[in-house]
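The lines below spell out each chain.
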Amino acid sequence: FGKAAIVGIESDSLAQQSYNITFLDLTKHGIIQGKILNANSNFIIELTDEKYKVIDTIYNQTNYTFRYVKPGKYKIRVIIDENGNAKWDSGNPLTFKQPEQIIFLEELLTVKANWELIDKNIDLNPQENSGNTAEESEDKDVDKVDNNE
């Protein structure tokens, strides 16, 4: 703002101030998105680097999107936040309280500039889905096709 751009009730003005605003360039970053399946309680989604340093966190969103992710390798983990305090609790061995469960997306994600990684879905209750992982289900479908030939 220039001098006297804003004048107060006592006829005084603010000093000139300038700010540099930089915008992140989406073409130099990537996007990761997916869904949390069978969510029955509070949960925390964390995007981590290969050394498990937390890069970004999302709370209780079944459709999640991590935007402006720098190119690199990442992991996603979901913490079942039983008490809703928005952090992982380690449990208490004196009272036999178990720590809050952590579920990892097994895939190591490689983010490239101007790329979108979609359908990175995590099932919080895989036992409800016939007890098979997605890989096992795909293998059985392939076996069925091979047996019919």
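Residues numbered from 1 in each chain as written. Predicted model: local features only at pLDDT ≥ 70, side-chain atom pairs only at ≥ 80, totals over all residues. Heavy atoms only, no water.

This part takes up the nonpolar core. The biggest cluster of nonpolar side chains holds 20 residues, and the ones touching the most others in it are Ile32, Ile45, Phe66 and Ile76. Of all the secondary structure elements, the ones that give two or more residues to this core are strand 1 (30-37), strand 2 (43-49), strand 4 (63-69), strand 5 (72-80) and strand 7 (109-111). (Core = buried A, V, L, I, M, F, W, Y, C linked by side-chain atoms within 4.5 Å. Buried < 20%, exposed > 50% of the residue type's maximum accessible area, 1.4 Å probe, protein only. Helix = DSSP H or I, 4+ residues; strand = E, 2+ residues; numbered from the N terminus.)

Moving on: the side chain of Thr48. Within the fold, Thr48 resides in strand 2. According to the relative accessible area criterion, Thr48 is buried, its value standing at 1%. Those residues in contact with Thr48, other than ones at most four positions away along the chain, are Lys53, Val54, Ile55, Lys73, Tyr74, Lys75 and Arg77. (Contact = heavy atoms within 4.5 Å.)

A few words on the pattern of salt bridges. The full count for this structure, using the stated rule, is three salt bridges. Between Glu46 and Arg77 there is a salt bridge, with the nearest N and O atoms lying 2.6 Å from each other. Here Glu46, found in strand 2, pairs with Arg77, found in strand 5; they are 31 residues apart in sequence, far enough to count as distant. The two residues Glu46 and Arg77 agree in class, both being buried. (Salt bridge = Lys/Arg side-chain N within 4 Å of Asp/Glu carboxyl O.)

Another aspect to go through is the confidence of the model for the chain. Per-residue confidence for the chain gives a mean pLDDT of 82, with 78% of residues at or over 70. Counting contacts from residues 130-149, a segment whose pLDDT is below 50, to residues more than four positions away or on other chains yields five contacts. (pLDDT = per-residue confidence, 0-100.)

Moving on to unusual backbone geometry. One non-glycine residue, Asn38, lies in the positive phi region at around 55°. Tracing the backbone shows Asn38 in the loop between strand 1 and strand 2. At Asn60, a position not held by glycine, the phi torsion is positive, near 50°.

Among the surface-exposed residues, Tyr52, Trp88, Ile102 and Phe104 lie close enough to one another that they form a single nonpolar patch of about 380 Å² accessible area. Looking at the element boundaries, Ile102 is found in strand 6 (residues 102-104). (Patch = residues over 30% accessible without salt bridge, like charges linked within 9 Å, V, L, I, M, F, W, Y side chains within 5 Å. Areas by Shrake-Rupley, 256 points an atom, 1.4 Å probe, with all protein chains shown as cover.)

A separate point is the side chain of Arg77. Look at Arg77 and you get buried, because its relative accessible area is 14%. Leaving out residues up to four positions away in the same chain, Arg77 has contacts with Ile44, Ile45, Glu46, Thr48, Tyr52, Val54, Ile102, Ile103 and Phe104.

What follows deals with the environment of Glu106. Considering the arrangement of structural elements, one finds Glu106 in the loop between strand 6 and strand 7. The spatial distance from the C-alpha of Glu106 to the C-alpha of Lys75 is 7.9 Å, given a sequence separation of 31 residues.

Any two aromatic rings considered together are summarised by their centre-to-centre distance and by the angle between their planes. Per the stated rule, a full pass over the model turns up two aromatic pairs. Here the aromatic rings of Tyr52 and Phe104 are separated by 5.9 Å at their centres, their planes lie at 80°, and the arrangement is edge-to-face. Residue Tyr52 is found in the loop between strand 2 and strand 3 (54-59), and its partner Phe104 is found in strand 6; the two are separated by 52 residues along the sequence. By relative accessible area, Tyr52 is classed as partly exposed at 40%. (Phe/Tyr/Trp six-rings, centres within 6.5 Å; stacked < 30°, edge-to-face > 60°.)

This next bit is on the pairing of strand 3. Side chains on a regular strand alternate between the two faces of the sheet. Note: strand 2 against strand 3, five bridges, orientation antiparallel. If you follow Ile44 over to strand 3, its bridge partner there is Tyr59. Once strand 2 ends, the chain turns through four residues before running back antiparallel as strand 3, passing Tyr52 with a positive phi of about 65°. (Pairing = 2+ DSSP bridges.)

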